[in-house]
Amino acid sequence: MVSRIVGLTALAAAALGLAGCPSLSQHAEMPPSVDTAEGLARRGDQAGAAQMYEALAGQNSGTDRNEYSLRAARAYLAAHRVEDAARVLAAIEPPLTPEQTAERPLLDVELSLARGQALQAWQKMTALTPPQTVPEALRYYDLKQKAALASNRLADAVAAQIPLERLLPNAQRLRQSRVSLLDSLRDASERGVKESRMPSDATIRGWLELGPIAATAARNPTAALPEVEAWRARHPNHPANEVVRTELLSQPQQPLPAIPGSTAGSRIALLLPVTGRAGAAATNVRDGFMTAYFQTPEAQRPVIRIYDTGEAGIAETVTRAVQDGADFIVGPLTRDEVTAAADLAGQRPAILALNFLPPERPAPAGFYQFALSPEDEARQIAQRVLAEGRRRGVALVPGGDWGTRVLTAFNQELVAGGGVLLTSAAIDTSLTDYSDAVTQVLRISDSSARHRRLESILGTKLQFEPRRRGDIDFIFAPAPANIERLLRPQLRFHFAGSVPTYSTSDAFEPDSRANEDLEGLMFPDMPWMLGSELADAVRTSLHDAWPTGGPRRGRLFAFGFDSYRLAVELTRRGNTDSSLHIDGLTGRLSVDADRRIRRELGWAQLHDGALKMLPAPAVTPALAPAAAAQ
């Protein structure tokens, strides 16, 4: 019996010994799976996750093997097992997907940084091209900044901050990024790192000036106050102003007490797919929204929280916003997301959706809709055509869903006002020659046929020049700018250059050289593109904050700007929208009976590549939303 107990004891001891051996640990005994690896990573066991991914790589081949190897290398780096990461990276062989081809050199840069090889990391980083997709670009600029800081290239580190800020998904991440950069510049100053020559860019120069000031403030906050105030006077619109106020002056981050009648203290949730397929559009909307926020007097600002719908479903995101105390929700952005938001049951605050529901879908209570809809522009174009006394015309539209929707909206409005669309044709946008469609709607081929018949009757050759049909008052030719620049010259070639031609705002880009081929084209557009006092003031403010860059400033930027102003006004009114009128960047805004935002646009015509403003039609039409936007 004793010998049996001794034997069992020895066996148990051996088992315990084996269990403590890393090569036969619990991780190794688990069947390798992605879910298990991700679970280990979430619990902080990056080394265990790396081993699991490496095991999965051994069970696969080709690009699947490389995907697991790359994940293993990332996890080994996170676990500070640098040489294991190097070993896994070195074993990766073709074939690689485009994403893997972009990922591998970034991990190689991280490996150099982890080994303390800052100069090599920077040299590798500068050889790479910035990615086009948001998540990859976000990682690229973050890593570029780290490599620059590690190699004491402070100006390059700050230069990476500018595009990085455009990609960050919410205000919290933006603030964290700025605080981190300020801390890094302070540490560099304390180590005696200096730029040999200050750059001319005001934003970069302002950041670099903050390093020594922050170092002084860390040693003696009171002594640094004059330097901080002098810096703020030199850079009144610098993006670091807020973190200077909170980090160096120790002033509170929260807004000041509410002013009666203002929205200070209210909470607005902004829902955008920042990391989804619509990430680029969402980022532009976010930039415009936050620009309007920062132009609000500080004492009147609401509390803004941004939620990334690319990370969770609409139901979960709205629930989080409600739990966080949101008084008003702006978003979501895509048509599918907006429809999903409208389907939600239960209590929620009012929503300003940034797209339209389908025409047949009624909106629930407290559900506002705001969008930049080409169908609405098409209706306004039809109204102007009729107001100018033009009743008969033809249309050329791009083939596909967009062209069909725009043409349908135009034709409905035209017919309702007593006009008639004689014919229409779709153009193949994969081509550059639209002669078939143009000659079809202009009936050039009829003219040529009559010529051939007459020659046959007379039995002789006749001098002939083709002619277009003479019974049209207008041409409706909506298209993106690159297509319109090809279409308009072909209309002139086929004798229709003098026929009044109308397009949507998609045809216009603010570049006179790009618009030289669009001579005579008429279109409606928003004040942000055509000009207004508000647009000029916002552009001046943007230039002061970002003299050499800053957010993208197209129509979606203006859309985000106006979304903020609408949300603030609706919150201030307690969501009572009667008599609401806002002169915005996207038009003069009002709310109709269905709680859809109506936009009144300006009109312009192109002459010698430049804009010529047109007077409003006899009856200024508002854009009455009636169809889902793109």
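Residues numbered from 1 in each chain as written. Predicted model: local features only at pLDDT ≥ 70, side-chain atom pairs only at ≥ 80, totals over all residues. Heavy atoms only, no water.

Caption draft 1: Molecular detail of the overall build of the protein. The secondary structure content of the protein amounts to 25 helices and 15 strands. Roughly 29,600 Å² of accessible area belongs to the protein as shown, and the carbon and sulfur atoms make up 51% of that amount. (Helix = DSSP H or I, 4+ residues; strand = E, 2+ residues; numbered from the N terminus. Areas by Shrake-Rupley, 256 points an atom, 1.4 Å probe, with all protein chains shown as cover.)

Caption draft 2: View of helix α17 (residues 335-342). The set of residues buried in α17 consists of Glu337, Val338, Ala341 and Ala342. Buried positions in α17, seen along its axis, are confined to an arc of 135° and lie on one side of it. Turning to α17, the residues buried within the fold contact α16 (314-323), β4 (350-353) and β5 (367-369). (Buried < 20%, exposed > 50% of the residue type's maximum accessible area, 1.4 Å probe, protein only. Arc of directions from axis to C-beta. Contact = heavy atoms within 4.5 Å.)

Caption draft 3: Here's a closer look at the nonpolar core. Core analysis: the biggest nonpolar cluster contains 50 residues, and Val330, Leu352, Leu354 and Trp528 have the highest contact counts within it. If one sorts the elements of this core by residue count, helix α25 (residues 555-572) sits on top with nine residues. Beyond its immediate chain neighbours, meaning those up to four positions away, leucine 354 contacts Leu272, Val285, Val330, Gly331, Pro332, Leu333, Val338, Phe370, Phe559 and Ser563. Membership of the second largest hydrophobic core comes to 44 residues, among which are Val109, Val134, Leu164 and Leu249. (Core = buried A, V, L, I, M, F, W, Y, C linked by side-chain atoms within 4.5 Å.)

Caption draft 4: Examining the pattern of salt bridges more closely. All told, the structure shown has 32 salt bridges when counted by the stated rule. The partner of aspartate 401 in a salt bridge is arginine 405, and the shortest N-O contact between them spans 2.8 Å. With aspartate 401 and arginine 405 both in helix α19 (residues 401-416) and four residues apart, the pair spans about one turn of that helix. Where arginine 555 meets aspartate 525, a salt bridge forms, and the shortest distance between an N and an O atom there is 2.7 Å. Of the two residues, arginine 555 is situated in helix α25 and aspartate 525 in strand β10 (residues 522-525); the sequence distance between them amounts to 30 residues. Here the salt bridges share partners, and the residues they tie into one network are Glu54, Arg81, Asp84 and Arg87. (Salt bridge = Lys/Arg side-chain N within 4 Å of Asp/Glu carboxyl O.)

Caption draft 5: Summary view of the environment of proline 489. By secondary structure assignment, the location of proline 489 is in helix α22 (residues 481-493). Overall, proline 489 belongs to the partly exposed group, its relative accessible area being 26%. Once residues within four sequence positions are removed from consideration, proline 489 is found in contact with Glu484 and Asp517.

Caption draft 6: Looking closely at the confidence of the model for the protein. In this model, the protein carries a mean pLDDT of 84, and residues with pLDDT of at least 70 account for 84%. Low pLDDT (under 50) marks residues 1-29, which in the prediction has ten contacts with non-local residues, meaning those over four places away or in another chain. (pLDDT = per-residue confidence, 0-100.)

Caption draft 7: Representation of the packing of aromatic side chains within the structure. Going through the model one piece at a time under the given rule, you end up with ten aromatic pairs. Pairing phenylalanine 289 with tyrosine 564 gives two aromatic rings, centres 5.3 Å apart and planes at 90°, and the pair type is edge-to-face. You can see phenylalanine 289 sitting in helix α15 (residues 279-295) and its partner tyrosine 564 sitting in helix α25, a full 275 residues away along the chain. There is no split in this pair, since phenylalanine 289 and tyrosine 564 are both buried. A centroid spacing of 6.4 Å and a plane angle of 85° characterise the contact between tyrosine 502 and tryptophan 603, whose relative ring orientation is edge-to-face. Highlighted residues: tyrosine 502 in strand β9 (residues 501-502) and tryptophan 603 in strand β14 (residues 602-607), separated in sequence by 101 residues. Exposure class is identical for tyrosine 502 and tryptophan 603. Each is buried. Of the aromatic side chains, those joined through ring pairs into one cluster are Phe289, Tyr293, Phe294 and Tyr564. Taking NZ or CZ as reference, arginine 301 lies 5.2 Å from the ring centre of tyrosine 293, over its face. The side chain of arginine 596 reaches across the aromatic face of phenylalanine 356, ending 5.2 Å from its centre. (Phe/Tyr/Trp six-rings, centres within 6.5 Å; stacked < 30°, edge-to-face > 60°. Lys NZ or Arg CZ within 6 Å of the ring centre and 35° of its normal.)

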